[in-house]
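Commentary on secondary and tertiary structure
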Amino acid sequence: MDEGFVPLLRRVPGFVAYYWVDAGDGVMVSTSVFEDQSGAEESIERAADFVRDNLASLLPNPPQVTAGTVVAAG
């Protein structure tokens, strides 16, 4: 992911951060942070293309996308 996908996200306007978490039992969680909704929406499109082109055969289930506004940070 660090070699292909993360650099792709870094080029999206408004990119702030990206996190990929192995939650165990085959569950992976990723979180992207952008300055505005348009950057987040563009990242979803780029992520969908990347998964389709590079990872689809490795994923048993389609990704689920959830979006929201940060209400607290530390």
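Residues numbered from 1 in each chain as written. Predicted model: local features only at pLDDT ≥ 70, side-chain atom pairs only at ≥ 80, totals over all residues. Heavy atoms only, no water.

1. Notes on the overall build of the protein
- The helix and strand tally for the protein stands at 2 helices and 2 strands.
- Ordering the α and β elements of the protein from the N terminus gives α-β-β-α.
- When its C-alpha atoms are laid out on the principal axes, the protein stretches across 30 × 25 × 20 Å.
- For the protein, restricting intrachain contacts to residue pairs at least 6 apart in sequence, the fraction spanning at least 24 positions comes to 29%.
- Accessible surface computed for the protein: about 5,900 Å², of which carbon and sulfur atoms make up 52%. (Helix = DSSP H or I, 4+ residues; strand = E, 2+ residues; numbered from the N terminus. Contact = heavy atoms within 4.5 Å. Areas by Shrake-Rupley, 256 points an atom, 1.4 Å probe, with all protein chains shown as cover.)

2. What about the packing of aromatic side chains?
- One pass over the full model with this rule turns up 3 aromatic pairs.
- Summarising the aromatic geometry, the rings of F5 and F50 are spaced 5.2 Å apart at their centres and angled 45 degrees between planes, so their arrangement reads as tilted. Of this pair, F5 sits in helix α1 (residues 5-10) while F50 sits in helix α2 (residues 37-55), and the two are 45 residues apart along the sequence.
- Judged by relative accessible area, which is 6%, F5 ranks as buried.
- Through a chain of ring-to-ring contacts, the aromatic side chains of F5, Y18 and F50 assemble into a single cluster. (Phe/Tyr/Trp six-rings, centres within 6.5 Å; stacked < 30°, edge-to-face > 60°. Buried < 20%, exposed > 50% of the residue type's maximum accessible area, 1.4 Å probe, protein only.)

3. Some details on the pairing of strand β2 (residues 27-34)
- Sheet topology note: the strand β1 (residues 15-24)/β2 ladder contains 8 bridges and is antiparallel. When the bridges of β2 are listed, V21 appears paired with V29.
- In sequence, β1 turns back onto β2 through a hairpin of 2 residues, with D25 there showing a positive phi of about 55 degrees. (Pairing = 2+ DSSP bridges.)

4. Examining a nonpolar patch on the surface
- A surface patch of nonpolar side chains, about 340 Å² in accessible area, is lined by Y19, V21, V27 and V29.
- Where the nonpolar patch is concerned, the elements lending two or more residues are β1 and β2.
- Summarising the element assignment, V29 is placed in strand β2.
- The exposure class of V29 is partly exposed, given its relative accessible area of 39%. (Patch = residues over 30% accessible without salt bridge, like charges linked within 9 Å, V, L, I, M, F, W, Y side chains within 5 Å. Salt bridge = Lys/Arg side-chain N within 4 Å of Asp/Glu carboxyl O.)

5. Some remarks on the pattern of salt bridges
- Throughout the structure, instances matching the rule amount to 3 salt bridges.
- In this structure, the salt-bridge partner of D53 is R52, at a minimum N-O distance of 3.1 Å.
- Overlapping salt bridges bring together D49, R52 and D53 as one network.

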